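Observations on the model geometry
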Amino acid sequence: MSPRSNAAQAGCPAWDRGPRLCIEPLRRDTRMTLGDWVALAMLWWKGGGRPAIVRWLVEPRGAGRMGAGCRASLETVVSAIDPGLAASGRLARARAAAQGALEAAHAGGITAVPWSDTRYPTALAAIADPPPVLWIRGDPEALRAPTVAIVGSRAGSAYARDVGRELGSGLARCGVTVVSGLARGVDSAAHRGALAVDGRTVGVLGSGVDIMYPPEHSGLARDVMRRGALVSELPPGTTPKPAYFPQRNRLISGLSRAVVVVEASTRSGSLITARLALEQGREVMAVPGNVLTGRNRGAHALLKDGAKVVEDVADILEEIGLVGTRVTNTRADELVSKDPVLRHLSRGESYDLDDLIALSGLDGPRLLPRLLELELAGRVARRDGGRFHRTDSGG
């Protein structure tokens, strides 16, 4: 299912169309410290500041309204986006909570990656509500490779678990990072499939990355950390709650180029992930299953709505454009000359988003997905300051 045109037709708010056009100046200029960003995240979760912070991160008028404040302290930023956040001691409590979270992270070997950090995944930064901070246990570089999410029923059948494991193994063999939620059933099968072939996998949690749920997956989580990363937007020490898991699902889809649903009933949480993927402009695919039991009616509904049928890994690779992407040197120049972005990039020069819009003639919603594809393919790279340059492999 290719949802990009659907998102545009759905009347998305202005800040949901091409958000990177406004966030890059902030990522380039902000002088906020890591502690500032973590305090902002605390206001996001516990201080009632989420709507205002989202607008600041992604709404075009938010950047203009900030002006010189983009290079200011957290206090200036908070006063500009919502003066109420600084009232009644909320900001002081957020700073104290941030200090405790950072101390716990240091003790637990957890990396805090703020939205302003170039290690923050480009694809996630472009969603409608990116978290201010990601907490990562493992290797942050695992989030930079091409990624595909495999999700499905927690009470998955033996067939569904076998499929999840096979798809996880097959994608990992092709250099794709497998993303899932470390849940029982299909999720854990996909992680184990990637690990079985020494591939990379990322587990996205509905708790702090130091709190494992379900607890019987603690060993699996350690293996995932060794070959990839555990990721959460929740600070260390946060225990799981039902409300956290739908929020977690938007990160699973936001980190991924595509979401593959393996066995889902009509009430499965995997359908939340699929819906979020569509809203974020990701590809949605599904594995057909038994029509007699009713266990896969949710996935079959996706197929009826246009999701691509997945029978093997080749179907996924074809949908995300990774089949045949390795071109010979004799074809490289031809590829560069035909690509609307690459053909305008000179070696040794770097370009910001405004430059690329003017040169390519592509508007934001069309330029951003193409830049992401080129970055993941190793044909362009992003420098500090949000500027892009062509790599040697770009022809």
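Figured I'd write up the structure that's included with this text. Numbers given to residues run from 1 along each chain, matching the order in which its sequence is written. Confidence filtering applies because this is a predicted model: local features only for residues at pLDDT of at least 70, side-chain atom pairs given and counted only at 80 or more, and all residues used for totals across whole chains, interfaces and linings. As a convention, hydrogens and water are excluded, and side-chain values are obtained from all of the structure's heavy atoms.

The subject of this paragraph is the pairing of strand β3 (residues 147–152). Residue burial is assigned from relative accessible area. The probe radius is 1.4 Å, only protein chains are included, and a residue is buried under 20% of its type maximum, exposed over 50%, and partly exposed in between. Going along the chain from the N terminus, every DSSP run of H or I of four or more residues is numbered as a helix, and every run of E of two or more is numbered as a strand. The element β3 is extensively covered by neighbouring structure, given that six of its six residues are classed as buried. Handedness is read with the strands pointing away from the viewer; a crossover is right-handed when the path from the first strand over the helix to the second is clockwise. Remark: the β3/helix α9 (residues 158–173)/strand β4 (residues 177–180) crossover connection has right-handed handedness. Pairing geometry for β3 and strand β7 (residues 258–262), over five bridges, is parallel. Across the sheet, A149 pairs through a bridge with V259, a residue of β7. Pairing between two strands requires that DSSP report at least two bridges joining them.

With that settled, the discussion passes to the pattern of salt bridges. Whenever Lys or Arg places a side-chain nitrogen within 4 Å of a carboxyl oxygen from Asp or Glu, that contact is recorded as a salt bridge. Throughout the structure, instances matching the rule amount to 16 salt bridges. In this structure, the salt-bridge partner of R95 is D36, at a minimum N-O distance of 2.8 Å. Placement of the pair is R95 in helix α7 (residues 90–108) and D36 in helix α3 (residues 34–46), with a sequence separation of 59 residues. The class for R95 is partly exposed, based on a relative accessible area of 30%. For D36, a relative accessible area of 7% corresponds to the buried category. Of the charged contacts in the structure, one is a salt bridge between D355 and R387, with a shortest N-O distance of 3.8 Å. Note that D355 is positioned in helix α17 (residues 353–360) and R387 in the loop between β11 (380–382) and β12 (388–390), a separation of 32 residues in sequence. The exposure class assigned to R387 is partly exposed, which follows from its relative accessible area of 28%.

Attention now moves to the side chain of T273. Take T273: it is sitting in helix α13 (residues 270–279). Using a relative accessible area of 2% as the deciding quantity, one classes T273 as buried. Among all residues touching T273, those that are not within four sequence positions of it are V151, N249, I252, S253 and V259. Any pair of residues with heavy atoms lying within 4.5 Å of one another is described as a contacting pair.

In summary, the pairing rule links any two rings of Phe, Tyr or Trp, Trp by its six-membered ring, whose centres are within 6.5 Å, and it sorts them by plane angle into stacked for under 30 degrees, edge-to-face for over 60 and tilted for everything else. The tally for this structure, following the rule as stated, stands at two aromatic pairs. On the numbers, 6.1 Å between centres and 55 degrees between planes, the contact of Y213 with F245 is tilted. Separated by 32 residues along the polypeptide, Y213 in the loop between β5 (201–204) and α11 (218–227) and F245 in helix α12 (residues 244–254) bring together distant segments of the chain. The class for Y213 is partly exposed, based on a relative accessible area of 41%. Overall, the relative accessible area of 16% leaves F245 in the buried class. Across from the ring centre of Y213, 6.0 Å away, lies the NZ or CZ of R184, which sits over that ring. Consider the ring centre and the ring normal. A charge sits over the ring if Lys NZ or Arg CZ is within 6 Å of that centre and within 35 degrees of that normal.

Ordered in space as β1-β2-β6-β5-β4-β3-β7-β8-β9, the nine strands form an open sheet in which the pairing is mixed. Both outer strands of the open sheet, β1 (111–114) and β9 (308–309), are each paired with one neighbouring strand and no more. Sheet topology note: the β7/strand β8 (residues 283–287) ladder contains five bridges and is parallel. Residue A258 lies in a different strand from β8, and its bridge partner there is E283. The convention used is that axes are lines fitted to C-alpha atoms, helices contributing only their stretch in contact, and that angles between N-to-C directions extend from 0 to 180 degrees. Contacts between helix α10 (residues 186–196) and the sheet are confined to β3, β4, β5 and β7, with β3 contributing the most and set at about 140 degrees to the helix.

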